[in-house]
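# Breakdown of the fold
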Amino acid sequence: MKLYRFLTGPDDSAFCHKVTAALNKGWVLHGSPSYAFNAQTGVMQCGQAVVKDVEGKAYTPEMKLGEQ
């Protein structure tokens, strides 16, 4: 099964750590990162899609993708 996640967060070191943690759990970057200004909070937001192949499991909407 192929899994997809879109990681988001403020443009800070915590976002970089979130992406790094995903990479170290076997997730792979998918596409380019996104970057947008949130006018309500005045903060730049980052986003990065990641994908992962998992063998021997079937997808269900209830699964926690970050735990796979």
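Everything discussed here concerns the structure shown above.
Just so it is clear, the structure is predicted and the values come from calculations on it, not from any experiment. The written sequence of each chain sets the order in which its residues are numbered from 1. This being a predicted model, a pLDDT of at least 70 is required before a residue's local features are given, and a value of 80 or more before pairs of side-chain atoms are given or counted; all residues contribute to the totals for chains, interfaces and linings. Excluding hydrogens and water, the side-chain values take into account all heavy atoms of the structure.

Turning our attention to the side chain of Lys52. Turning to its location among the elements, Lys52 is positioned in strand β3 (residues 43-53). Despite its burial, Lys52 pairs with no opposite charge, the nearest such side chain being Asp53 at 10 Å. Whenever a nitrogen or oxygen atom comes within 3.5 Å of another N or O atom, the pair is scored as a polar contact, on the condition that within protein one atom can donate a hydrogen and the other can accept it, and that pairs from neighbouring residues in sequence are kept only if both atoms are in side chains. Within the structure, Lys52 has its side chain in polar contact with the backbone oxygen of Gln68 (distance 2.6 Å). Look past the residues within four positions of Lys52 in its chain and what remains in contact with it is Met1, Lys2, Leu3, Lys25, Gly26, Trp27 and Gln68. Only runs of H or I of at least four residues qualify as helices and only runs of E of at least two qualify as strands under DSSP, and these elements are numbered from the N terminus. Each residue gets one of three labels from its accessible area relative to the maximum for its type: buried under 20%, exposed over 50%, partly exposed in between, using a 1.4 Å probe on protein chains only. His is not counted, nor are the chain ends, whereas Lys and Arg count as positive and Asp and Glu as negative. The term salt bridge refers to a pairing of a side-chain nitrogen on Lys or Arg with a carboxyl oxygen on Asp or Glu at a separation within 4 Å. The contact rule is simple, with two residues in contact once any of their heavy atoms fall within 4.5 Å.

Here we come to the pattern of salt bridges. Following the criterion strictly, the structure yields one salt bridge and no others. Residue Asp53 pairs with Lys2 through a salt bridge whose shortest N-O separation is 3.6 Å. On the criterion of sequence distance, the pair formed by Asp53 in strand β3 and Lys2 in strand β1 (residues 2-10) is long-range, its members being 51 residues apart. Each member of the pair, Asp53 together with Lys2, is exposed.

Of the pairings in the sheet, the one linking β1 to β3 comprises nine bridges and is antiparallel in character. Following the sheet pairing, Lys2 is matched in β3 by Asp53. Hairpin connection, strand β2 (residues 28-38) to β3: the antiparallel pair is bridged by four residues, and Gly42 has positive phi, about 75°. Strands were regarded as paired on the criterion that DSSP finds at least two bridges between them.

Generally speaking, nonpolar side chains in soluble globular proteins are found buried as a group. Counting ten residues, the largest nonpolar core is built from Leu3, Leu7, Phe15, Val19, Ala22, Trp27, Cys46, Val50, Val54 and Met63. Within the residue set of this core, elements represented by two or more residues are β1, α1 (13-24) and β3. Ranked by residues supplied to this core, first place goes to α1 with three residues. Not counting residues within four places of it along the chain, the set of residues in contact with Cys46 comprises Leu7, Thr8, Gly9, Asp11, Phe15, Ser34 and Tyr35. Grouping buried Ala, Val, Leu, Ile, Met, Phe, Trp, Tyr and Cys residues that are joined through side-chain atoms within 4.5 Å yields what is termed a nonpolar core.

So, about the side chain of Gln48. Counting through the fold element by element, Gln48 comes out in strand β3. Beyond its immediate sequence surroundings of up to four residues, Gln48 is in contact with Arg5, Phe6, Leu7, Phe15, Val19, Leu29, His30, Gly31, Ser32 and Pro33.

Let's shift gears to the sheet that holds β2. Ordered in space as β1-β3-β2, the three strands form an open sheet in which the pairing is antiparallel. Either end of the sheet is taken by a strand with one partner, and the two such strands are β1 and β2. Neighbouring strand axes in the sheet, compared pairwise and without regard to direction, differ in orientation by 15° on average. As defined by bridge partners, β2 adjoins β3 across eight bridges and the pair is classed as antiparallel. Residue pairing across strands places Phe37 opposite Met44, the latter belonging to β3. Convention adopted: a line fitted to C-alpha atoms gives each axis, helices being fitted over their contacting stretch, and angles between N-to-C directions are expressed from 0 to 180 degrees.

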